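These are the residues of each chain, in order.
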Amino acid sequence: MSENLGRYRLLKLLATGGMGEVFLARQEGPAGFTKTVVIKRILRHLASDQGFIDLFLNEARLAAQLQHPNIAQVFGLETEANTWFISMEYVHGRSLRAVISEAKARGLKVPPRIAARLASLALQGLHYAHELTDERGRVLGILHRDVSPENLLCAFSGTVKVVDFGIAKAMSNAVTRVGTPKGKVVYMAPELVVPGATVDRRAD
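Residues numbered from 1 in each chain as written. Predicted model: local features only at pLDDT ≥ 70, side-chain atom pairs only at ≥ 80, totals over all residues. Heavy atoms only, no water.

Colleague: Give a description of the overall build of the chain that names residues and reports values.
Modeller: Helix and strand counts for the chain stand at three helices and 11 strands. Going residue by residue from the N terminus, the α and β elements of the chain occur as β-β-β-β-α-β-β-β-α-α-β-β-β-β. By the compact-globule yardstick of 17 Å for 204 residues, the chain fits well, its C-alpha radius of gyration being 18 Å. Dimensions of the chain, computed from the C-alpha atoms along their principal axes, are close to 45 × 45 × 35 Å. Across the 204 residues that make up the chain, the buried fraction comes to 40%. (Helix = DSSP H or I, 4+ residues; strand = E, 2+ residues; numbered from the N terminus. Rg over C-alpha atoms; globule rule 2.2 N^0.38 Å. Buried < 20%, exposed > 50% of the residue type's maximum accessible area, 1.4 Å probe, protein only.)

If you want it as structure tokens, here you go:
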């Protein structure tokens, strides 16, 4: 595929989720400048749904504040032809889901020390998000709420990046839809599905 979106050229569809579709893309500029990025665009049939637009914009606002080596960086929020999209860091690697699947296909198990290292790196990113404060020093209380193998990227450089804060919630200022399940049920803490339950960082 080859499609232009603003200053980006969309190269390949990587994934489609509940709110958006994710593309491998290239930013092109003067004097031969290029940069490989990931573009997350709100789904076309949701582009006029203000509720989903608010969720998408909330993701962008939250994720843009997260600057940590173990969280994929968000570069910017843009709009083109009445469509909102986010430009993000491209992580050269594989998702933890793909790593696990490949190991199973080869009849292997991920060694405990490697699994512990991957978990440790992911937890460093999550801890940073949990501890993030605003300009007045108040903890924002950001929760990811969808920590799963699909959202942990294992870079070939050896690090781990947490991605997709699409349903993240800043407890002090959240945009959500009442009664709508958040995250993947198989990985969700019980309190995330129990009405009225107290939810804190331990859910991640």
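Colleague: Tell me about unusual backbone geometry, residues and numbers included.
Modeller: Residues apart from glycine generally show negative phi values, whereas peptide bonds are mostly found in trans. You will see that Ala 31, though not glycine, has its phi angle at about 55°, which is positive. You can see Ala 31 is positioned in the loop between β3 (20–28) and β4 (34–42). We classify Ala 31 as exposed; its relative accessible area is 89%. Of note, the phi angle at Arg 145 is positive, near 70°, even though the residue is not glycine. Along the chain, Arg 145 falls in the loop between β8 (142–143) and β9 (152–155).

Colleague: Could you give me a rundown of the sheet that holds strand β7 (residues 93–95), with the residues and numbers involved?
Modeller: Taking strand neighbours across the sheet as the criterion, the three strands line up as β7-β9-β10 in an open arrangement whose pairing is antiparallel. Of all strands in the sheet, those bounded by a partner on one side alone are β7 and β10 (160–162). When the angles between neighbouring strand axes are averaged without regard to direction, this sheet yields 25°. Looking at chain direction, β9 and β10 are connected through three bridges and run antiparallel. Counterpart to Leu 152 in the pairing with β10 is Val 162. The strands touched by helix α2 (residues 96–105) are β7 and β9; relative to β7, the strand with the most contacts, the crossing angle is about 85°. Together, β9 and β10 form the strand contacts of helix α3 (residues 112–131), whose direction differs from that of β10 by roughly 40°. (Pairing = 2+ DSSP bridges. Axes fitted to C-alpha atoms, helices over the stretch in contact; angles between N-to-C directions. Contact = heavy atoms within 4.5 Å.)

Colleague: Could you give an account of the packing of aromatic side chains, naming the residues involved and the relevant values?
Modeller: This model, assessed by the stated rule, comprises one aromatic pair. Relative to Phe 85, the ring of Tyr 8 lies with its centre 6.1 Å away and its plane at 90°, an arrangement referred to as edge-to-face. Linking Tyr 8 in strand β2 (residues 8–16) with Phe 85 in strand β6 (residues 83–89), this pair joins segments that are 77 residues apart in sequence. Overall, Phe 85 belongs to the buried group, its relative accessible area being 1%. (Phe/Tyr/Trp six-rings, centres within 6.5 Å; stacked < 30°, edge-to-face > 60°.)

Colleague: Go over helix α1 (residues 50–64), please, and point to the residues and values.
Modeller: Between its terminal C-alpha atoms α1 stretches 21 Å, which fits the 21 Å expected from 15 residues at 1.5 Å a residue. Within α1, the full set of buried residues consists of Phe 52, Ile 53, Leu 55, Phe 56, Leu 57, Asn 58, Glu 59, Ala 60, Leu 62 and Ala 63. Sitting at the amino-terminal end of α1 is Asp 49, which places a side-chain oxygen 2.9 Å from the backbone nitrogen of Gly 51. (Expected span 1.5 Å × (residues − 1). Polar contact = N/O pair within 3.5 Å; in protein donor to acceptor, adjacent residues only side chain to side chain.)

Colleague: Quick rundown of the environment of Phe 23? Include the residues and the values.
Modeller: Structurally, Phe 23 can be placed in strand β3. We classify Phe 23 as buried; its relative accessible area is 4%. Sequence separation between Phe 23 and Ser 87 is 64 residues, and the spatial gap between their C-alpha atoms is 9.7 Å.

Colleague: How would you sum up the pattern of salt bridges? Please name residues and give values.
Modeller: Pairing between side chains of opposite charge can happen when their charged atoms approach one another. As enumerated under the stated definition, the model contains 12 salt bridges in all. Among the salt bridges present, the one from Arg 41 reaches Glu 3, with a minimum N-O distance of 3.1 Å. Taken together, the residues span a long stretch of sequence, with Arg 41 in strand β4 and Glu 3 in strand β1 (residues 3–5) at a distance of 38 residues. With a shortest N-O distance of 2.7 Å, Glu 131 and Arg 201 are connected by a salt bridge. Taken together, the positions of Glu 131 in helix α3 and Arg 201 in the segment after β11 (169–170) put the pair 70 residues apart, joining distant regions of the chain. Using a relative accessible area of 33% as the deciding quantity, one classes Arg 201 as partly exposed. Counted as one network, the salt bridges with shared partners bring together Glu 3, Glu 21, Arg 41 and Arg 44. (Salt bridge = Lys/Arg side-chain N within 4 Å of Asp/Glu carboxyl O.)

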